[in-house]
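Residue strings, one per chain:
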Amino acid sequence: MSTHILILYYSRHGKTKLLARQIARGAASVNGCEVTLRTVAELTASSQQASDPVVTLDELKQCDGLAMGSPVWFGNMAAPLKHFWDQTSHLWLNGDLIDKPACVFTSSSTMHGGQETTLQSMMTPLLHHGMLILGIPYSEPLLHQTRSGGTPYGASSVGHEATLTTEESQLAQQLGKRLAQIASKQKES
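Residues numbered from 1 in each chain as written. Predicted model: local features only at pLDDT ≥ 70, side-chain atom pairs only at ≥ 80, totals over all residues. Heavy atoms only, no water.

If you check an unreviewed UniProt entry, the chain appears there as Trp operon repressor from Vibrio navarrensis. Quoted straight from UniProt, the Cofactor (unreviewed entry) entry for the chain says "FMN". In its Sequence similarities (unreviewed entry) section, the UniProt entry covering the chain states "Belongs to the WrbA family." (UniProt positions renumbered as here; feature names shortened; annotations may be inferred.)

Here is the structure:
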């Protein structure tokens, strides 16, 4: 039986989507893991179309592990992602996400643009759902060396470029791999 990892993100300009793809690569490198990339619906019709399908509540309920990402919006997760979580009350009432591992990731245009507060804002609904929050441990050597993105709270990216740095990509892949390994171990037990 395969382990299902859901990579859920919102991306306005594409940088958070790049991180989502790297986390998916890391998760997919774990034997027996199946990865699904999903986004959330826009709040206004004038917003651009997403390249990945919009997540359903059933997909969230069925996942064995979750990686959630958002760009920094004034130190918080983006409104479309928050709106999605505001619709998960029945999953919370049923305890559908309790003890499932989860991690978070973000992108910002500047180094001090609010990455850590955004990562923490995304953790809040996950904690309310009883999920187990994973970060990037300092045993990961790149966490000590990066001059761009990457935090113990989760993967991140800094800057306006349309690409990720080597460190950002590798840290995102390591986070995805860690999530998949832990979700697989939990599913076995």
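Glancing now at the side chain of S169. Secondary-structure assignment places S169 in helix α7 (residues 166–188). Using a relative accessible area of 14% as the deciding quantity, one classes S169 as buried. In this structure, S169 is in contact with Q22 and L164, ignoring residues within four places of it in sequence. (Helix = DSSP H or I, 4+ residues; strand = E, 2+ residues; numbered from the N terminus. Buried < 20%, exposed > 50% of the residue type's maximum accessible area, 1.4 Å probe, protein only. Contact = heavy atoms within 4.5 Å.)

Further remarks concern the pairing of strand β3 (residues 65–71). Burial of β3 is extensive: seven of the seven residues sit out of reach of the surface. Of the two faces of β3, the one carrying G65, A67, G69 and P71 and the one carrying L66, M68 and S70 are both buried. In the sheet, strand β1 (residues 3–9) pairs with β3 via five bridges, with the strands oriented parallel. By the bridge assignment for β3, I7 is matched with A67. Bridge count between β3 and strand β4 (residues 101–108): six bridges; the pairing is parallel. The partner of S70 across the bridge, within β4, is T106. (Pairing = 2+ DSSP bridges.)

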